[in-house]
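# Analysis of the macromolecular model
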Amino acid sequence: MNWDDARIFLALQREGTLRRAARVAGVDQATIGRRIGVLEHNLGATLFLRSSTGYTLTTAGSAVLHAAERMEQFANDLVRQAQGTDGRLEGEVKVATTDSLAMEFVIPAIADLHARHPDVRVRLSVATQMANLARREADIAIRNMKPDNPDLIARQLALWPVGLYASTGYLERHGAPTEHGGFKGHDLVYYQPYLEGGRPPTIVGEPAQAGRIVATANSSLMLRTLISSGVGIGELPVPMGERGGLTRLWSDREREGGFAVWLVTHQDLRHTARVRAFIDTVVAQFE
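Scope of this entry: the structure provided in the associated data block. (Residues numbered from 1 in each chain as written. Predicted model: local features only at pLDDT ≥ 70, side-chain atom pairs only at ≥ 80, totals over all residues. Heavy atoms only, no water.)

### Topic: the packing of aromatic side chains
Just so we agree on the cut-off: Stacked, tilted and edge-to-face are the three classes applied to pairs of Phe, Tyr and Trp rings, where Trp contributes its six-membered ring and a pair requires centres within 6.5 Å; stacked means planes under 30 degrees apart, edge-to-face means over 60, and tilted covers the rest. Secondary structure elements are defined from DSSP: runs of H or I of at least 4 residues count as helices, runs of E of at least 2 residues count as strands, and each element is numbered from the N terminus. Only protein chains enter the accessibility calculation, which uses a 1.4 Å probe; a residue is then buried when its area is under 20% of its type maximum, exposed when over 50%, and partly exposed in between.
In this structure the tally under the stated criterion is 8 aromatic pairs. Ring geometry for F9 versus F48: centroids 5.4 Å apart, planes at 50°, classification tilted. Of this pair, F9 sits in helix α1 (residues 3-15) while F48 is found in strand β1 (residues 48-51), placing the two residues 39 residues apart along the sequence. Here F9 matches F48 in class, with each residue buried. Clustering of aromatic rings is evident, with ring pairs tying together F105, W160, F259 and F286.

Rendered as structure tokens:
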């Protein structure tokens, strides 16, 4: 198996269908199917079970998976180490972040970077899933979670308090909630991950069992939009609430732990000129 075969194999294993694997690998579906067929013929083993729902690994395929992942790691290490010595202020930088951080900070940083280094191109990816920097899905990630991979370098860009916010329209219709009332008679919008741990819902430390959860979102930007639209009251990082022109309630109360923002890159890329230039620019935006 050569690296190109391994790349096709991994794409199909991870995506599960020819269509999605073709999109990731940058080829057409027929090429994926043909290359897998040739690989199975050369290895003398069936690597995938085909079904109406997609492709799953056989026992033989699972054995091949480990070797293919090691080939991928070596290939990515080679590319990163070569890029790490690149002193040119040109070429592509892959940046992964969330929609709210992109709107407020990353896009202004891209504009500043372009003004100073017009030959640097940014490929911006916005999603709630964490990009895998070890697999070169991104050169830089800007997230609210610190990674535990020792090969990654993390820098905290911000630690914001999280407060309770409402729109003017909501307050005109419903008034402000009373502290220690459990949000009785109020509509709530909630950050979805906070509900997934099985714990009773709280907002800025106040039990919310008496309120009505009207909507949830897995994005701070969508949560702010829900609050701005008067759908309900909810928590936001303070800078995002202020930028949205919302009214902060109970200003002395915050969610425990706050909202941290981390910039993460692979240690092999920390001296790449275009990566360093983007990091410096986005750090300035947060400062």
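### Overview of the sheet that holds strand β5 (residues 140-143)
Let me state the cut-off plainly: Any two strands are treated as partners once DSSP identifies two or more bridges connecting them. To get an axis, fit a line to the C-alpha atoms, keeping to the stretch in contact for a helix; angles then go from 0 to 180 degrees between the N-to-C directions.
Ordered in space as β4-β3-β5-β14-β6, the 5 strands form an open sheet in which the pairing is mixed. Since the sheet does not close on itself, it has two edges, and those belong to β4 (120-126) and β6 (152-160), each with one partner. Neighbour to neighbour, the strand axes of the sheet diverge by 20° on average, direction disregarded.

### What about the layout of surface pockets?
Inclusion rule: Grid spacing is 1 Å over the protein atoms alone, the probe is 1.4 Å, and a cavity is where that probe fits but cannot get out, while a pocket is an open set with protein on both sides within 12 Å along at least five of seven lines and lining residues have an atom within 4 Å of a point. Grid points are joined across faces, edges and corners, and a volume is the space filled by probe spheres set on the points.
As a volume, the second largest pocket reaches approximately 310 Å³. As for the second largest pocket, its lining consists of 14 residues, of which S125, A127, Q129, A131 and E137 are closest to the centre. Elements that contribute at least two residues to the lining of the second largest pocket include exactly β3 (91-97) and β4.

### Side note on the side chain of R224
What counts here: A 3.5 Å cut-off defines polar contacts: any pair of N or O atoms within that distance qualifies, except that in protein one atom must be a possible hydrogen donor and the other a possible acceptor, and neighbouring residues in sequence count only when both atoms are side-chain atoms.
On the secondary structure map, R224 appears in helix α7 (residues 220-228). Polar contacts involving the side chain of R224 include one to the side chain of E104, which spans 2.7 Å.

### Re α1
Put simply, the rule is: In this analysis, the expected span of each helix is defined as 1.5 Å times one less than the number of residues it contains.
Across its 13 residues, α1 extends 18 Å between first and last C-alpha, which sits within 8% of the 18 Å expected from 1.5 Å per residue. Three or more residues of α1 are buried, namely D5, A6, I8, F9, L10, A11 and L12. Positive backbone phi, approximately 85°, marks G16, located one or two places after α1.

No statement about biological role is implied by the geometric values presented.
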